[in-house]
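This is what each chain is made of:
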Amino acid sequence: MMRNQSVDPVSALSGTAVHPCPSPPKEGSGIINPAMRILLIEDDSRLLRLEKQVLEEEGHTIDTAADGDTGLELALRGTYDVAVIDWMLPGRDDPAICRAVRAAHLPTALLLLTARTQLEDRVAGLDSGADDYLSKPFAFDELLARIRALSRRFLDPAGDSFELRAGDLVMDLRAHTARRGDLPLELSATEWKLLEYLMRHPGQSLTRGQILDYVWSFECDVQPTLVDVYISYLRAKLRRPGFPDAVETVRGVGYRLRA
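Thresholds applied
- Residues numbered from 1 in each chain as written.
- Predicted model: local features only at pLDDT ≥ 70, side-chain atom pairs only at ≥ 80, totals over all residues.
- Heavy atoms only, no water.
- Helix = DSSP H or I, 4+ residues; strand = E, 2+ residues; numbered from the N terminus.
- Buried < 20%, exposed > 50% of the residue type's maximum accessible area, 1.4 Å probe, protein only.
- Contact = heavy atoms within 4.5 Å.
- Areas by Shrake-Rupley, 256 points an atom, 1.4 Å probe, with all protein chains shown as cover.
- Pairing = 2+ DSSP bridges.
- Axes fitted to C-alpha atoms, helices over the stretch in contact; angles between N-to-C directions.
- Parallel < 35°, antiparallel > 145°, perpendicular 65-115°, else oblique.
- Nonpolar A, V, L, I, M, F, W, Y, C, P; charged D, E, K, R; others polar.

Asks: Can you help me understand the overall build of the protein in this one?
Replies: Broken down by element type, the protein carries nine helices and 14 strands. In the protein, which comprises 259 residues, the share counted as buried stands at 46%. Within the protein, residue pairs in contact and separated by at least 24 positions form 60% of the contacts whose partners lie at least 6 positions apart. Total accessible area on the protein stands at roughly 12900 Å², and carbon and sulfur atoms take up 52% of it.

Right, here's the structure in full:
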């Protein structure tokens, strides 16, 4: 499916539409797409799969949920930059999710997807706490544009959102490289996600539960002690003679990256 083609949820469910793999972004467009952690809540499995594929091709980290209750549980973890939520869901619907996220004072940007086109529906969705509204069927180009617009409103506009910095630590999310000072860091996939989460929250005390939710997401059999193991691995790679450890232990809480 070309990204400028509309996605019709009715034909997608009926199986009458053919959806080839989405095309890559056009080169030379000049569009900067910040890497974000995005939650997709959608009960149409085919549409959910396509949305996930397109957003992952843009460099985003994606988690998914197929019903409102699971989606709300994930959203309330507070680890997402943007949540893209279908209105009609099994369990809680989109307005209920939006109200719960706003009641928790989370900074996640909320984008509502729905086939409802009446003015009163759009008003109800926005009044529930959604930040933007996209009607089905939609083109993936428009979905990506709206997510970029939300990122400009909710992420730090002063910095390069492809690059994370904390002290002399630098992570380039486009090139997938990390360094401390002039020294490159060789990180495993898990160590990368762990350092990324710490660098997204420099100076903040993070619990083991928060770190588990971000780094290991849906792996239900992971024990909290695994966080301690990977913190020790990461500390060893970040260690520099004469300098304190970059990652501090906060007794009774968890860990904190020195800002």
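Read on for the rest.
Asks: Before we go on, may I ask you to explain the sheet that holds strand E9 (residues 169-172) in this structure?
Replies: One key point about sheets: their strands pair by backbone hydrogen bonds, in either a parallel or an antiparallel sense. Read from one edge of the open sheet, four strands run E8-E9-E10-E11, paired in antiparallel fashion. Pairing within the sheet leaves two strands with one partner each, and these edge strands are strand E8 (163-166) and strand E11 (183-184). For E8 and E9, the ladder comprises four bridges, and the chain directions are antiparallel. Bridging from a neighbouring strand, Ala166 pairs with Leu169 of E9.

Asks: Is there a simple way to explain the packing of helix H8 (residues 208-216) against helix H9 (residues 225-238) in this structure?
Replies: For any two helices packed against each other, one specifies the inter-axial angle together with the distance between the axes. Orientation of H8 relative to H9, taken along the N-to-C sense of each, is 75 degrees, at an axis distance of 9 Å. With respect to their mutual orientation, H8 and H9 come out roughly perpendicular. Packed against H8, whose contacting residues are Arg208, Ile211, Leu212 and Trp216, the element H9 presents Leu226, Val227, Asp228 and Tyr230 at the interface. For the contact of H8 with H9, the residue count by class is six nonpolar, no polar and two charged.

Asks: Is there a simple way to explain the sheet that holds strand E12 (residues 206-207) in this structure?
Replies: As summarised here, the arrangement of the three strands in space is E12-E14-E13, forming an open sheet in which the pairing is antiparallel. Two strands lie at the open edges of the sheet, namely E12 and strand E13 (247-250), each paired on one side alone. Of the strand pairs in this sheet, E13 and strand E14 (residues 254-257) are connected by four bridges, and their pairing is antiparallel. Bridge pairing in E14 links Val247 to Leu257.

Take it as geometry only, folks, not as evidence of what the structure does.
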